[in-house]
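Residue-level structure breakdown
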Amino acid sequence: MLTRAHIYIYICLGLLCYSTPLRPTSCQLPMDTLFFAFYMQQGSHQQYLAARQLRKHSWRFHKKYMTWFQRHEEPKVTTDEYEQGTYVYFDYEAGWCQRVKADFKFEYSFLEDDLSPAV
């Protein structure tokens, strides 16, 4: 059963992705809502739209840990294979909140680059 909250999420994600002069992108979803759509609507078009919006806000998905990371500050170390520094990550398992991880090594091989829509 769809609740009003679900309908709001679907409408806003659609507006964020498909704006036209008649449908402006005035609907700004909170980060928690985007994370909710990403983790709770797996395999759906809404998950794809949420991922696109998270990327626009400089979040990057880590395939090994299956969570979103964002630089808290510029990395202390940067190589061709990884960067290391302090990151904010979204803890979807233990607290459904953002946490800070210092001295984290983000290996580029675990960076999700493919944002193709779910089929």
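The preceding data block contains the structure.
**Notes on the overall build of the protein**
Scanning the protein for helices and strands turns up 3 helices and 5 strands. Counted from the first residue to the last, the protein has its helices and strands arranged as α-α-α-β-β-β-β-β. Across the 119 residues that make up the protein, the buried fraction comes to 39%. Considering only contacts in the protein between residues 6 or more positions apart, those separated by 24 or more positions represent 44%. With an accessible surface of roughly 7500 Å², the protein has 53% of that area assigned to carbon and sulfur atoms.

**Digging into the nonpolar core**
With 15 residues, the main nonpolar core has F35, F38, Y39, L54, W59 and W68 as its most contacted residues. Of the residues forming this core, the biggest block, 6 residues, is contributed by helix α2 (residues 31-40). With near-sequence residues (within four places) excluded, F38 lies in contact with Q47, A50, A51, L54, F61 and W68. Within the second largest apolar cluster, 6 residues are counted, among which are F69, Y89, F106 and L111.

**Details of the packing of α2 against helix α3 (residues 45-56)**
As a packed pair, α2 and α3 sit with axes 8 Å apart at the nearest point and diverge in direction by 140 degrees. One finds that α2 runs oblique with respect to α3. Helix-helix and strand crossings are classified by hand; for α2 and α3 the assignment is left-handed. Side by side, α2 and α3 meet where M31, L34, F35, A37 and F38 of the first sit next to Q46, Q47, A50, A51, Q53 and L54 of the second. Here the contact of α2 with α3 is composed, by residue class, of 8 nonpolar, 3 polar and no charged.

**A short note on the pattern of salt bridges**
What the rule picks out here adds up to 5 salt bridges. Between R71 and E74 there is a salt bridge; the shortest N-O distance is 3.8 Å. One salt bridge connects E73 with K76, and the closest N-O pair in it is separated by 3.1 Å. You can call E73 partly exposed: its relative accessible area is 32%. Overlapping salt bridges bring together R60, R71, E74 and E83 as one network.

**Let's talk about α2**
Of all 10 residues in α2, 7 are buried, a share of seventy percent or more. Of all the positions in α2, only M31, T33, L34, F35, A37, F38 and Y39 are classed as buried.

**Observations regarding the packing of aromatic side chains**
Scanning the model with the defined rule gives 18 aromatic pairs in all. Ring plane angle 55 degrees and centroid distance 5.2 Å describe the contact between F38 and F61, whose orientation is recorded as tilted. With F38 in helix α2 and F61 in strand β1 (residues 60-62), this residue pair connects regions lying 23 residues apart in the sequence. As far as the burial class goes, F38 and F61 line up, both buried. Through a chain of ring-to-ring contacts, three or more aromatic side chains come together here, namely F35, F38, Y39, W59, F61, W68, F90, Y92 and W96. Between the NZ or CZ atom of R60 and the centre of the ring of F106, over which it lies, the distance is 4.9 Å. The residue whose ring lies beneath K105 is Y82, and the NZ or CZ to ring-centre distance is 4.4 Å.

Basis of the calculations
Residues numbered from 1 in each chain as written. Predicted model: local features only at pLDDT ≥ 70, side-chain atom pairs only at ≥ 80, totals over all residues. Heavy atoms only, no water. Helix = DSSP H or I, 4+ residues; strand = E, 2+ residues; numbered from the N terminus. Buried < 20%, exposed > 50% of the residue type's maximum accessible area, 1.4 Å probe, protein only. Contact = heavy atoms within 4.5 Å. Areas by Shrake-Rupley, 256 points an atom, 1.4 Å probe, with all protein chains shown as cover. Core = buried A, V, L, I, M, F, W, Y, C linked by side-chain atoms within 4.5 Å. Axes fitted to C-alpha atoms, helices over the stretch in contact; angles between N-to-C directions. Parallel < 35°, antiparallel > 145°, perpendicular 65-115°, else oblique. Left-handed = near helix turned anticlockwise from the far one by under 90°. Nonpolar A, V, L, I, M, F, W, Y, C, P; charged D, E, K, R; others polar. Salt bridge = Lys/Arg side-chain N within 4 Å of Asp/Glu carboxyl O. Phe/Tyr/Trp six-rings, centres within 6.5 Å; stacked < 30°, edge-to-face > 60°. Lys NZ or Arg CZ within 6 Å of the ring centre and 35° of its normal.

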